[in-house]
Amino acid sequence: MSSLLIKNATLASGQIVNIFIKDGLIYDIGNKSPLCDQKIDAQGQSIIPGVIDPHVHFRVPGAEYKEDWQTGSKAAVAGGVTTVLDMPNNQPAITTQKTLDQKRRLIKNQSYVNYGLYLGATASNLNELKTVSGIAGVKVYLGSTTGDLLVTDYQIVEEILAETNQIIAFHSEDEECIKQFSIFPPRRRAGNFQFSNIAKRHNQLRPEECAEKSTGKIIELVKKTKKRAYICHVSGQKEIELIRQAKDQKLPIYAEASPHYLFLNTQSAIDLGNFAKVNPPIRSEVSQQALQLSLSSGLIDTIGSDHAPHTREEKEVDYAQAPAGVPGVETSLSLMLNLVNQGAITLARLVELMCSTPADIFKISKRGKIEPGYFADLVLVDLKLTYEVKNSKLYSKCGWSPFSGRHLKGVPMAVIVGGRLVYQKGKIFGPPGGCEVF
Ligand code: DOR
Ligand code: ZN
Ligand code: ZN
């Protein structure tokens with residue numbers, strides 16, 4: 001295989017180094033300048049490990065018209081993401097070894113980034129969950145959302161935790177609570193049901209207390225079973241407080257934040273209409289700020305984009321008919337780099353949230369850090385460059401972003417996957433060479 005030298009790159013620690021890559025692995029970090037096949041001068045740029053996004057929906061199989069694996073993984077690499085963990089709410093849902101292997105066959109040779117796949121839990125597939133191998137984790141949907149995966153019986157959730165050895169990732173919204181609010185919606189203020197107020201309306205119909213309820217139950221069950229749980233897309237202030245208490249007790253609970261809860265709120269998202277309809281809903285400004293603060297305090301462990309594309313046509317209908325979900329894999333790193341530039345977190349903390357901690361939690365070996373012997377999944381970023389998010393420039397098949405029009409300071413300039421330069425300055429270089437990481 002080939003060799004690559006990245007010269008004069010600045011690590012998150014501030015140290016300027018040459019990184020020598022051979023046969024897809026990081027071989028040396030220092031000041032050597034050996035002869036090699038390809039050189040990149042990274043003068044003035046920072047280098048971070050490739051982002052590991054533990055939460056995407058690339059829509060294969062069954063909804064390739066929204067996103068297929070090639071477009072999804074191109075969007076990932078353009079956003080500085082080099083490994084994705086893909087959710088099982090496909091058509092058919094991925095709930096058996098057989099459907100998992102079918103999905104694997106469809107993805108093979110299609111991916112520009114590395115990947116892992118989740119298996120979905122149902123009320124009756126415990127045996128599959130116990131015997132399956134090579135997955136990112138088990139996904140449990142406690143509330144209904146896109147697709148038909150749902151487990152509402154907490155007794156079954158307890159069995160899943162107790163009897164499997166995988167990490168269990170939760171979509172944490174309590175189904176009974178959601179139903180209650182849909183039958184008895186809160187008092188409507190005038191104008192609440194107009195297109196412009198969809199973000200608020202959705203938050204009233206699936207309020208924070210539904211997520212608090214299920215997250216509280218998950219914490220109880222983790223206490224009882226001592227098994228590891230990963231709470232996807234934590235969104236509310238009280239939910240964060242529950243996680244603080246669980247972490248104080250040293251329970252193995254991990255919390256993910258998603259960019260749309262960090263960078264949108266019910267007020268700022270008003271003009272987006274259904275393009276901000278997502279489950280759980282976008283929350284109040286108070287919760288948004290609490291979530292941002294918990295990035296540096298350590299209550300949040302990871303950033304998962306929850307990249308959930310739907311077409312414009314699907315979104316441009318009445319509120320009740322529009323599917324929930326927003327794309328995000330292409331913009332998550334830039335949004336977080338922008339936060340670094342605003343002084344809210346350090347670049348080193350960003351690397352923990354987006355690279356090393358996801359690798360630790362999901363036990364992805366030799367990725368998420370820049371160390372000799374690690375896979376050469378790397379991103380060169382220009383922290384001083386500002387760009388505007390533009391729908392027309394996105395690689396995602398859905399062709400829109402809730403962050404369109406934002407000016408973000410901090411841009412991925414070049415992305416290396418397994419020692420190969422796959423993205424540079426807006427261009428993607430094929431063929432797809434990503435591999436499954438589990
Ligand atoms: O809004 C959402 N969309 N929430 C989910 O949990 C699933 C996702 C999707 O797949 O569209
Ligand atoms: Zn979810
Ligand atoms: Zn999701």
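Structure: above.
Residues numbered from 1 in each chain as written. Chains lettered and ligands numbered in written order. Predicted model: local features only at pLDDT ≥ 70, side-chain atom pairs only at ≥ 80, totals over all residues. Heavy atoms only, no water.

## What to know about the overall build of the protein
Moving on, step 1. For the protein, the helix and strand inventory stands at 13 helices and 17 strands.
Moving on, step 2. Radius of gyration (C-alpha) of the protein: 21 Å, near the 22 Å computed for a compact globule of 438 residues.
Moving on, step 3. In terms of its C-alpha atoms, the protein occupies a principal-axis envelope of roughly 70 × 50 × 45 Å.
Moving on, step 4. The 438 residues of the protein split such that 61% are buried.
Moving on, step 5. Put simply, 75% of the contacts in the protein that link residues at least 6 apart link residues at least 24 apart.
Moving on, step 6. Of the roughly 17,200 Å² that the protein leaves accessible, carbon and sulfur atoms contribute 49%. (Helix = DSSP H or I, 4+ residues; strand = E, 2+ residues; numbered from the N terminus. Rg over C-alpha atoms; globule rule 2.2 N^0.38 Å. Buried < 20%, exposed > 50% of the residue type's maximum accessible area, 1.4 Å probe, protein only. Contact = heavy atoms within 4.5 Å. Areas by Shrake-Rupley, 256 points an atom, 1.4 Å probe, with all protein chains shown as cover.)

## A few points about empty space enclosed by the protein
Any empty space left between atoms is shown by rolling a water-sized probe over those atoms.
Moving on, step 1. Inspection of every chain in the model, using the stated rule, returns 4 cavities of 30 Å³ or more.
Moving on, step 2. In terms of lining, the largest cavity is formed by 17 residues, of which the most central are His57, Thr145, Asn279, Asp306 and Ala308.
Moving on, step 3. Partitioned by chemical class, the residues of the lining of the largest cavity number 4 nonpolar, 10 polar and 3 charged. (1 Å grid on protein atoms, 1.4 Å probe; cavity = no way out; pocket = protein on both sides within 12 Å on 5 of 7 lines; lining within 4 Å. Points joined across faces, edges and corners; volume = space filled by probe spheres on them. Nonpolar A, V, L, I, M, F, W, Y, C, P; charged D, E, K, R; others polar.)

## Quick word on the site of ligand 1
Moving on, step 1. The full set close to ligand 1 counts 13 residues, and Arg59, Asn89, Thr146, Asn279 and Ala324 are the nearest of them.
Moving on, step 2. Take Arg59: an N or O atom from its side chain is 2.8 Å from an oxygen atom of ligand 1.
Moving on, step 3. If ligand 1 stood free it would expose 290 Å²; the protein chains cover 100% of that surface.
Moving on, step 4. With respect to the detected pockets, ligand 1 is housed in the largest cavity.
Moving on, step 5. Taken together, the residues of the shell around ligand 1 sort by class into 4 nonpolar, 8 polar and 1 charged. (Near = heavy atom within 4 Å. Polar contact = N/O pair within 3.5 Å; in protein donor to acceptor, adjacent residues only side chain to side chain. Sits in = over half its atoms within 2 Å of the grid points.)

## Considerations on the packing of aromatic side chains
Moving on, step 1. By the definition in use, this model includes 6 aromatic pairs.
Moving on, step 2. Where Trp69 meets Tyr115, the ring centres are 5.5 Å apart and the plane angle is 65°; that geometry is what we call edge-to-face. Taken together, the positions of Trp69 in helix 1 (residues 69-78) and Tyr115 in strand 8 (residues 114-120) put the pair 46 residues apart, joining distant regions of the chain. The pair Trp69 / Tyr115 is uniform in exposure class, with both members buried.
Moving on, step 3. Aromatic side chains Tyr230 and Phe362 sit 4.9 Å apart centroid to centroid with 70° between the ring planes, which places their arrangement in the edge-to-face category. One end of the pair, Tyr230, is in strand 11 (residues 229-231); the other, Phe362, is in helix 13 (residues 347-362), and 132 residues separate them in sequence. Take Tyr230 and Phe362: they sit in the same class, and that class is buried.
Moving on, step 4. Aromatic ring contacts, followed pair by pair, group Phe58, Trp69 and Tyr115 into a single cluster.
Moving on, step 5. Taking the ring centre of Phe375 as reference, the NZ or CZ of Arg367 above it sits at 3.8 Å. (Phe/Tyr/Trp six-rings, centres within 6.5 Å; stacked < 30°, edge-to-face > 60°. Lys NZ or Arg CZ within 6 Å of the ring centre and 35° of its normal.)

## Section: the coordination of the zinc ion (ligand 2)
Moving on, step 1. Note on the zinc ion (ligand 2): its protein donors are His171 (ND1) and His233 (NE2). The metal-donor distances range over 2.1 Å.
Moving on, step 2. Here the zinc ion (ligand 2) and the zinc ion (ligand 3) are spaced 3.5 Å apart. One end of the pair, His171, is in strand 10 (residues 168-171); the other, His233, is in the loop between strand 11 and helix 8 (237-248), with 62 residues separating them in the sequence. The two residues His171 and His233 agree in class, both being buried. (Donors = N, O, S within 2.8 Å, 3.2 Å for Na, K, Ca; no water.)

## Some thoughts on helix 13
Moving on, step 1. With 16 residues, helix 13 should reach 22 Å at 1.5 Å per residue; the first-to-last C-alpha distance of 22 Å fits that figure.
Moving on, step 2. The largest bend in helix 13 comes to about 40°, at Leu353.
Moving on, step 3. Helix 13 sits mainly inside the fold: 13 of its 16 residues count as buried.
Moving on, step 4. One or two positions beyond helix 13, positive phi appears at Lys363, with a value near 55°. (Expected span 1.5 Å × (residues − 1). Bend = angle between axes of the 7 residues up to and from the residue.)

## Side note on the side chain of Ser287
Moving on, step 1. By the secondary structure assignment, Ser287 is in helix 10 (residues 285-297).
Moving on, step 2. Taking relative accessible area as the criterion, Ser287 reaches 2% and is therefore assigned buried.

## Brief notes about the pattern of salt bridges
Moving on, step 1. Summed over all chains, the structure comprises 14 salt bridges.
Moving on, step 2. Arg104 is paired through a salt bridge with Glu436; the nearest N and O atoms lie 2.9 Å apart. Taken together, the positions of Arg104 in helix 2 (residues 97-107) and Glu436 in the segment after strand 17 (427-428) put the pair 332 residues apart, joining distant regions of the chain.
Moving on, step 3. For the salt bridge of Asp174 with Lys213, the shortest nitrogen-to-oxygen distance reads 3.6 Å. Of this pair, Asp174 sits in the loop between strand 10 and helix 5 (175-183) while Lys213 is found in helix 7 (residues 208-225), placing the two residues 39 residues apart along the sequence.
Moving on, step 4. Note on Asp174: relative accessible area 3%, which makes it buried.
Moving on, step 5. Members of the salt-bridge network, linked through shared partners, are Asp101, Arg104 and Glu436. (Salt bridge = Lys/Arg side-chain N within 4 Å of Asp/Glu carboxyl O.)

## Thoughts on helix 6 (residues 198-205)
Moving on, step 1. For helix 6, the buried fraction is high: 6 of the 8 residues fall into the buried class.
Moving on, step 2. For helix 6, the full list of buried residues reads Ile198, Ala199, Arg201, His202, Asn203 and Leu205.

## Brief notes about the coordination of the zinc ion (ligand 3)
Moving on, step 1. Looking at the metal site, the zinc ion (ligand 3) is ligated by His55 (NE2), His57 (NE2) and Asp306 (OD), spaced 2.0 to 2.1 Å from it.
Moving on, step 2. Within one chain, the residues serving as donors to the zinc ion (ligand 3) are arranged as H-x1-H-x248-D.
Moving on, step 3. According to the relative accessible area criterion, His55 is buried, its value standing at 1%.
Moving on, step 4. On the basis of relative accessibility, which here comes to 5%, the residue Asp306 falls in the buried class.

## A closer look at the packing of helix 7 against helix 8
Moving on, step 1. Look at helix 7 against helix 8: their axes get within 8 Å of each other, and the N-to-C directions meet at 15°. In terms of their interaxial angle, helix 7 and helix 8 are classed as roughly parallel. The way helix 7 lies across helix 8 gives a crossing that is right-handed. On helix 8, the residues touching Glu208, Ala211, Glu212, Thr215, Gly216 and Ile219 of helix 7 are Gln237, Lys238, Glu239, Leu242, Ile243 and Ala246.
Moving on, step 2. Of the residues contributing to the contact of helix 7 with helix 8, the split by class is 5 nonpolar, 3 polar and 4 charged. (Axes fitted to C-alpha atoms, helices over the stretch in contact; angles between N-to-C directions. Parallel < 35°, antiparallel > 145°, perpendicular 65-115°, else oblique. Left-handed = near helix turned anticlockwise from the far one by under 90°.)

On their own, these measurements won't tell you what the molecule is for.
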